[in-house]
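Working through the structure, step by step
Now for the letters of each chain:
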Amino acid sequence: MFTRAIVKKPCQAMIHGITTANLGKPDYQLALQQHAAYVQALEQCGLKVTVLEADESYPDSCFVEDTAVLTPKFALITNPGAPSRKGEVASMIPIIKQFYSKDAIEYIQAPGTLEGGDVMMVGDHFYIGISDRTNQEGAGQFIHALEKHGMSGEMVPLHTILHLKTGLSYIENNNLLISGEFLENPIFSKFHQIPITADDAYSTNGLWINGKVLVAAGYPKTKKAIEDLGYEVLEVDTSEYRKIDGSLTCLSLRF
């Protein structure tokens, strides 16, 4: 169960955020409205949300998930693989220190890189995507930290997608939203898979919080598939964040 979340408001510079999408520039005012609705959804799931002010120095800084990984036993401060995002971690460190003691905070050191979007937690085991943003050195440092704190991790090579959780979302009870290159991956064969078709692939990035599942608005097939498993589903519109390669999990740190 989660009790808290950390989010950061989008900055006006978000319209210049990194993107591989071809969907145009975000509407900043609409993005603000969507962010407020996202926070309300987190609160509806029972979380106390710490809302950080926007940072105009970093267009992608609303995607706080990439700056840290918060586990029940320790916090990991990452080293983002995108050069323009490396400075985002500095402002997150004092925030993380409010919730974790000094001896329960670990750091990814260069040349290691790791972004939180490449990390999927399944109990005490973590899957770590090896991507353009997370390298083997960074993943290895994270696994070492996990083992130090009595947990475990394994690497998953990525081939076509940005982050691991672009194509996977664990929604507890052995249920896994899965799409694209992961559909035939034997690493995930032990899970009860909810396959997401290519036209709905964006909705693979769902967010389980305390028995509820947040899904991107506009994907009724995905919503129904999750509801059929007995979950309460909350739809959240993230259209403006999709334009800069963002989705539901990217916008918060949950712990």
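Conventions adopted
Residues numbered from 1 in each chain as written. Predicted model: local features only at pLDDT ≥ 70, side-chain atom pairs only at ≥ 80, totals over all residues. Heavy atoms only, no water. Helix = DSSP H or I, 4+ residues; strand = E, 2+ residues; numbered from the N terminus. Rg over C-alpha atoms; globule rule 2.2 N^0.38 Å. Buried < 20%, exposed > 50% of the residue type's maximum accessible area, 1.4 Å probe, protein only. Core = buried A, V, L, I, M, F, W, Y, C linked by side-chain atoms within 4.5 Å. Contact = heavy atoms within 4.5 Å. Pairing = 2+ DSSP bridges. Axes fitted to C-alpha atoms, helices over the stretch in contact; angles between N-to-C directions. Phe/Tyr/Trp six-rings, centres within 6.5 Å; stacked < 30°, edge-to-face > 60°. Expected span 1.5 Å × (residues − 1). Polar contact = N/O pair within 3.5 Å; in protein donor to acceptor, adjacent residues only side chain to side chain. Salt bridge = Lys/Arg side-chain N within 4 Å of Asp/Glu carboxyl O.

**Describing the overall build of the protein chain**
- Assigned secondary structure in the protein chain consists of five helices and 15 strands.
- Relative to the globule expectation of 18 Å for 255 residues, the C-alpha radius of gyration of the protein chain, 17 Å, shows essentially globular dimensions.
- The principal-axis extents of the C-alpha atoms in the protein chain amount to approximately 45 × 45 × 35 Å.
- Expressed as a percentage of the 255 residues in the protein chain, the buried residues total 56%.

**Comments concerning the nonpolar core**
- Core analysis: the largest hydrophobic core is formed by 35 residues, its most contacted members being Tyr38, Leu42, Leu214 and Ile226.
- Of all the elements in the fold, those that place two or more residues in this core are strand S1 (4-8), helix H1 (28-44), strand S12 (207-209), strand S13 (212-216) and strand S14 (232-236).
- Here the element with the most residues in this core is H1; it accounts for six residues.
- With sequence-adjacent residues up to four places away left out, Ile226 is seen in contact with Ile171, Leu177, Val213, Val215, Tyr231 and Val233.
- Counting 31 residues, the second largest nonpolar core, distinct from the first, contains Met92, Ile130, Ala139 and Ala145.

**Side note on the sheet that holds strand S6 (residues 119-122)**
- Pairing is mixed across the open sheet formed by three strands, whose spatial order is S6-S7-S8. Each of the sheet's edge strands pairs with one partner strand only, and the pair in question is S6 and strand S8 (152-157). Adjacent strand axes in the sheet meet at a mean angle of 25°, parallel and antiparallel pairs treated alike.
- Sheet analysis places strand S7 (residues 125-130) next to S8, joined by six bridges and oriented parallel. The residue of S8 that forms the bridge with Ile128 is Met155.
- Its contacts with the sheet place helix H3 (residues 136-148) against S6, S7 and S8, and it is angled at close to 160° to S8.

**Overview of the packing of aromatic side chains**
- Summed over the entire model, instances satisfying the criterion amount to eleven aromatic pairs.
- Their ring planes at 65° and their centres at 5.1 Å tell us that Phe99 and Phe255 sit as a pair that is edge-to-face. Residue Phe99 is found in the loop between helix H2 (88-96) and strand S5 (105-107), and its partner Phe255 is found in the segment after strand S15 (253-254); the two are separated by 156 residues along the sequence.

**So, the environment of Tyr38**
- For Tyr38, the position within the fold is in helix H1.
- According to the relative accessible area criterion, Tyr38 is buried, its value standing at 1%.
- As a C-alpha pair, Tyr38 and Ile105 span 67 residues in sequence and 27 Å in three-dimensional space.
- Setting aside anything within four residues of it in sequence, one finds Tyr38 in contact with Val7, Leu207, Leu214, Val236, Leu248, Leu251 and Ser252.

**Notes on the side chain of Gln141**
- Residue position: Gln141 is located in helix H3.
- If sequence neighbours within four positions are ignored, Gln141 has contacts with Tyr107, Ile108, Gln109 and Gly112.

**What about the sheet that holds S13?**
- Spatially, three strands are ordered S12-S13-S14 in an open sheet, and the strand pairing comes out mixed. With partners counted over all chains shown, the strands left at the sheet margins are S12 and S14, one partner each. When strand polarity is set aside, the average angle formed by the axes of neighbouring strands in this sheet is 30°.
- The sheet contact formed by S12 and S13 spans three bridges and is antiparallel. Bridge pairing in S13 links Trp208 to Val213.
- Across the sheet, H1 is in contact with S12, S13 and S14; its angle to S14 comes to roughly 165°.
- Contacting S13 and S14, helix H4 (residues 220-227) crosses the sheet at an angle of about 155° to S14.

**Some thoughts on H1**
- Taking 1.5 Å per residue as the helical rise, H1 with its 17 residues ought to reach 24 Å, and the 24 Å between its terminal C-alpha atoms agrees with that figure.
- Lining the buried residues of H1 we find S1, strand S2 (48-52), S12, S13, S14 and helix H5 (239-242).
- The opening residue of H1, the one whose side-chain oxygen lies 3.1 Å from the backbone nitrogen of Gln29, is Asp27.

**Here we look at the pattern of salt bridges**
- Using the criterion set out here, one finds 13 salt bridges in the structure.
- Of the charged contacts, one joins Glu53 and Lys9 as a salt bridge, the two residues approaching to 3.3 Å between their closest N and O atoms. Taken together, the positions of Glu53 in the loop between S2 and strand S3 (68-70) and Lys9 in the loop between S1 and H1 put the pair 44 residues apart, joining distant regions of the chain.
- Classification of Lys9 by relative accessible area gives partly exposed; the value is 32%.
- A network of salt bridges, in which partner residues are shared, links Glu65, Lys165 and Arg254.

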